[in-house]
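Survey of secondary and tertiary structure
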Amino acid sequence: MKIRFASTLTVAVLCTLGAAAHAQDTDVNAEKARANFARPVVLAADDVRAFAPPPAGFADAQPGSAQGKVEPFTYASSVTGTRRTAMVWLPAGYDKSRRYPVLYLLHGIGGNQDEWRGYVRAPQVLDNLLAAGKIVPMIVVMPNGRALADDRSPPENKVFTPENAAGFARFERDLLDSLVPAVDAAYPTLKDSAHRAIGGLSMGGGQALNFGLGHPEAFNWVAGFSPAPNTEAPAKLAAEAAQAKGKLKLVYLSCGNRDGLINVAQGVHRQLRDQGVAHVWNVDGYGHDRDSWAENLYHYAQLIFR
Ligand code: FER
């Protein structure tokens, strides 16, 4: 009896530790997600805009802006054993004899490699910025961040499931071991961490913070836009960021002040602040939607690779 109790306790403790480390994998369901989105927003004095809003039309195709090219890129994933597809934006004037820094943009829980392109209109934002001379010419990779053999966007009733969320956690190794090396082999990239940035929206914001701050040897520019509850514990992320201080060039955090998930970003911001890690903290007036993500891409893209 005693032994049995002890082993049950051990199992319980191990399970608890496991759940804490991977809360995002095991603890996901639609009811919980609804409750998270419905949380009341409580704003502090420093939860304010860091930038003036972009000019009207910044995310629309403009007659004066040369367009980059968006193409599919497939690579072999060591995580899923399948070939997976990312979308790649190549800047207007792309020249294979030059070398470019690379920004990786990660999508949300229901999205795929088309979300940044189609829903957020990232190519239009980037085309306009480049035409205005406001960004460094760069290559932008928009992967599928759901590292599952079937990585299609799930039907609505399967979005908030442990299986779908687990694919987002598994993407860490896919990104580091398969995608980044494949991109660096196929495109004329600058292959050091000072020339590699990561950013993501919502579930992808959590991934970008988790993977980026955990791997300063891979990414020196890190952004979470409206990061979701898959975000690791803020104290852990801030400690990683503090440790990476010499390498990290920018930590960028944003959220809308009408987004029920803002407590996630606020938690990370406050830990970064309290642990003395300089960062951008931009709270705009939007909800959990493309308006916030397009604007924050506009701001973040101008700051990287400088
Ligand atoms: C949750 C609420 C939202 C959650 C994830 C999300 C993992 C992600 C939203 C998105 O990517 O848009 O409780 O749990």
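Note that the coordinates shown come from a computational prediction; the quantities given were computed from them, not determined experimentally.

Here we take up the overall build of the protein chain. The helix and strand inventory of the protein chain stands at ten helices and eight strands. Counting only C-alpha atoms, the protein chain reaches 75 × 50 × 40 Å along its principal axes. Here the analysis covers contacts within the protein chain between residues at least 6 apart in sequence; of these, 78% occur between residues at least 24 apart. Accessible area of the protein chain: about 13400 Å², with a carbon and sulfur share of 57%. Positive and negative charge centroids in the protein chain, built from 31 and 29 side chains respectively, lie 3 Å apart.

For the rest of this paragraph, the subject is the environment of alanine 149. Relative to the helices and strands, alanine 149 is located in the loop between β4 (139-142) and α6 (162-186). Taking C-alpha positions, alanine 149 is 33 Å from glutamate 295, a pair spaced 146 residues apart along the chain. Aside from chain neighbours lying at most four places away, what touches alanine 149 is Thr80 and Thr82.

Right, let's get into unusual backbone geometry. Phi angles above zero are rare outside glycine, and arginine 121 is one such case at about 65 degrees. One non-glycine residue, serine 202, adopts positive backbone phi at about 55 degrees. Secondary-structure assignment places serine 202 in the loop between β5 (196-201) and α7 (203-214). The exposure class of serine 202 is buried, given its relative accessible area of 8%.

Throughout the structure, instances matching the rule amount to 14 aromatic pairs. For the pair phenylalanine 171 and phenylalanine 211, a centre-to-centre distance of 6.5 Å together with 45 degrees between the ring planes defines the contact as tilted. Of this pair, phenylalanine 171 sits in helix α6 while phenylalanine 211 sits in helix α7, and the two are 40 residues apart along the sequence. When sorted by exposure, phenylalanine 171 lands in the same class as phenylalanine 211, which is buried.

Before going further, it helps to examine empty space enclosed by the protein. All told, the structure shown has one cavity of 30 Å³ or more when counted by the stated rule. Here the largest cavity is characterised by a volume of approximately 40 Å³. Lining of the largest cavity is provided by Asp60, Ala61, Gln62, Ser65, Gln67, Gln124, Asp127 and Asn128. Residues belonging to the lining of the largest cavity are distributed by class as follows: one nonpolar, five polar and two charged.

The next point concerns the sheet that holds strand β8 (residues 280-284). The strand order across the open sheet formed by eight strands is β1-β2-β4-β3-β5-β6-β7-β8, and the pairing between neighbours is mixed. The open sheet has two edge strands, β1 (69-76) and β8, and neither has a second partner. Taking the axes of each pair of neighbouring strands and ignoring which way they run, one obtains an average angle of 20 degrees across the sheet. Sitting on the sheet, helix α5 (residues 122-131) touches β1, β2 (83-90), β3 (102-106) and β4, and the angle it makes with β2 is about 30 degrees.

Right, let's talk about the site of the ligand for a bit. Neighbouring the ligand are 13 residues; Asn36, Ile109, Ser202, Met203 and His288 lie closest to it. Asparagine 36 has a polar side-chain atom sitting 2.8 Å from an oxygen atom of the ligand. Within the side chain of serine 202, a nitrogen or oxygen atom sits 2.8 Å from an oxygen atom of the ligand. When the ligand sits alone it has 370 Å² of accessible area, and the protein chains cover 92% of it. Considering each element in turn, the shell around the ligand owes the most residues, three residues, to helix α3 (residues 30-37).

All right, on to the confidence of the model for the protein chain then. For the protein chain, the mean per-residue pLDDT works out to 93, and 92% of the residues sit at or above 70. With pLDDT under 50 throughout, residues 1-23 is counted as low confidence; its partners more than four residues away or in other chains account for two contacts.

For the pair α6 and α7, the least separation of the axes is 10 Å and the interaxial angle reads 40 degrees. Classified by the interaxial angle, the pair formed by α6 and α7 is oblique. For the element pair α6 and α7, the recorded crossing hand is right-handed. Only Met203, Gln207 and Phe211 of α7 make contact with α6, whose side of the interface consists of Ala165, Phe168, Ala169, Phe171, Glu172 and Leu175. A class-by-class count of the residues in the contact of α6 with α7 yields seven nonpolar, one polar and one charged.

Conventions adopted
Residues numbered from 1 in each chain as written. Predicted model: local features only at pLDDT ≥ 70, side-chain atom pairs only at ≥ 80, totals over all residues. Heavy atoms only, no water. Helix = DSSP H or I, 4+ residues; strand = E, 2+ residues; numbered from the N terminus. Contact = heavy atoms within 4.5 Å. Areas by Shrake-Rupley, 256 points an atom, 1.4 Å probe, with all protein chains shown as cover. Lys, Arg positive; Asp, Glu negative; His and termini not counted. Charge placed at Lys NZ, Arg CZ, Asp CG, Glu CD. Buried < 20%, exposed > 50% of the residue type's maximum accessible area, 1.4 Å probe, protein only. Phe/Tyr/Trp six-rings, centres within 6.5 Å; stacked < 30°, edge-to-face > 60°. 1 Å grid on protein atoms, 1.4 Å probe; cavity = no way out; pocket = protein on both sides within 12 Å on 5 of 7 lines; lining within 4 Å. Points joined across faces, edges and corners; volume = space filled by probe spheres on them. Nonpolar A, V, L, I, M, F, W, Y, C, P; charged D, E, K, R; others polar. Pairing = 2+ DSSP bridges. Axes fitted to C-alpha atoms, helices over the stretch in contact; angles between N-to-C directions. Near = heavy atom within 4 Å. Polar contact = N/O pair within 3.5 Å; in protein donor to acceptor, adjacent residues only side chain to side chain. pLDDT = per-residue confidence, 0-100. Parallel < 35°, antiparallel > 145°, perpendicular 65-115°, else oblique. Left-handed = near helix turned anticlockwise from the far one by under 90°.

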